[in-house]
Every structure is written in structure tokens, then in C-alpha cells.
Amino acid sequence: MNDQQPLLEQLKDIHLPASTPGWQVLLHNWWPALILLTLFLIGLVGFYWLRRRNLKSRTRNYALNELNLMQDRFQQHNQSQQLLSELNVLLRRMAIEYYGREEVASLSGHAWLSFLDKSGQTHDFTSGPGQALAQLYQPQPEAFDEQALTETVKQWICRQS
């Protein structure tokens, strides 16, 4: 037994392997990157929102400027058929911009006026001054209130933002 004593003294304790870093260590080292990534994503969403808002307001401002030019042309030439045609084209362009060609392009007559009422949250097109747009393809349209019609179109444009 004494022979075995020196052998036992030579044995060393069992050492467990070093623990691998867990999530806590990884998060401790990566939290600045996670914060920067989060801020970047928030900034990206904010940029997208501001750009979309800017494009909508630019489109609305363009349409309102066109409407003012139409009113000026009407006051100079007093051509009601031309005014109806220009207003209809402007409304269609705006509706296609906001609602897509598939939903708007096939509409005409009462369906078009109903769409304008629904999208503008009004009843001015089917039962108000906007009814004049239904006379668009008549050779001699009946007299209509140009000021009330352009105001109705202006309100519809302003509600589309």
C-alpha cells in the first residue's frame, strides 16, 4: 500500500471545463449594436412616413393649383363643357393616384359619382353640385353653379390626405 501512496499523491483534482459564455455575456457585448439597429429601424420607418406624407401633400397641392387654373380659364372663356371635362380629368387622376387604376378606371356615370361621395365622405356628388359632372358628355350641359362645383371638388381633394 505504501507503493500506491506516491501514485495517489501524483493524481490531480478533476478540473471542470470553463463555462461557455451564455446569452447574458452576448447581450452584454452586443447591446450597443442592438440599440443602434433599433434606432436605425425607427429612423427608417420615420423617413418612409415623412416621404409618403410629403408626396401626398405635393400631389394635393398640385391638384389645388390645377383647380385654380381651371377656374381662371372658365372665368376668361366661360366654357362650361371644358370646365366639366377638366374637373372630371382632375378627379380621375387624383382617384387613380390614391385608389389605384383597377378600382377607378372602369367607373362612369352614377357609379363614378357614388365613388366620389364614398371616398370624399360626402353626398355632394350624387345629390349636390357634383351632379353636374354627369352632364359631361351631353352636347349642351344644363347650367350649373361653377363656384359650388369647384368648391365641392376642392373639398374632395383636401379630404384625400
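What comes next is a walk through the structure. (Residues numbered from 1 in each chain as written. Predicted model: local features only at pLDDT ≥ 70, side-chain atom pairs only at ≥ 80, totals over all residues. Heavy atoms only, no water.)

Considerations on the packing of aromatic side chains
The final tally for this structure, using the stated rule, is two aromatic pairs. Here the aromatic rings of Tyr99 and Phe115 are separated by 5.3 Å at their centres, their planes lie at 85°, and the arrangement is edge-to-face. On the criterion of sequence distance, the pair formed by Tyr99 in helix 3 (residues 80–99) and Phe115 in helix 5 (residues 109–120) is long-range, its members being 16 residues apart. Using a relative accessible area of 30% as the deciding quantity, one classes Tyr99 as partly exposed. When the centroid spacing of 5.9 Å and the interplanar angle of 15° are considered together, the rings of Trp112 and Phe115 count as stacked. Linking Trp112 with Phe115, this pair stays in helix 5, spanning three residues, or about one helical turn. (Phe/Tyr/Trp six-rings, centres within 6.5 Å; stacked < 30°, edge-to-face > 60°. Helix = DSSP H or I, 4+ residues; strand = E, 2+ residues; numbered from the N terminus. Buried < 20%, exposed > 50% of the residue type's maximum accessible area, 1.4 Å probe, protein only.)

As for the nonpolar core
One finds Trp112, Leu116 and Leu133 to be the most contacted residues of the largest nonpolar core, which totals 28 residues. Broken down by secondary-structure element, the contributors of at least two residues to this core are helix 2 (23–77), helix 3, helix 5 and helix 7 (146–158). Counting residues per element, this core draws most heavily on helix 3, which supplies eight residues. For Leu133, the contacting residues outside a window of four places in its chain are Leu84, Leu87, Asn88, Leu91, Leu113, Leu116, Phe125 and Leu149. (Core = buried A, V, L, I, M, F, W, Y, C linked by side-chain atoms within 4.5 Å. Contact = heavy atoms within 4.5 Å.)

Brief notes about the environment of Ser57
Of note, Ser57 is situated in helix 2. Along the chain, Ser57 and Lys118 lie 61 residues apart, while their C-alpha atoms are 21 Å from each other. Among the polar contacts made by the side chain of Ser57, one reaches the main-chain carbonyl oxygen of Asn54 at a distance of 3.0 Å. (Polar contact = N/O pair within 3.5 Å; in protein donor to acceptor, adjacent residues only side chain to side chain.)

Quick word on unusual backbone geometry
Even without a glycine there, the phi angle at Asn78 is positive, about 55°. Inspection of the secondary structure assignment puts Asn78 in the loop between helix 2 and helix 3. Backbone geometry at Gln121 places phi at a positive 55°, although glycine is not the residue there. With respect to the element layout, Gln121 can be found in the loop between helix 5 and helix 6 (124–127). Residue Gln121 is classed as exposed on the basis of its relative accessible area of 68%.

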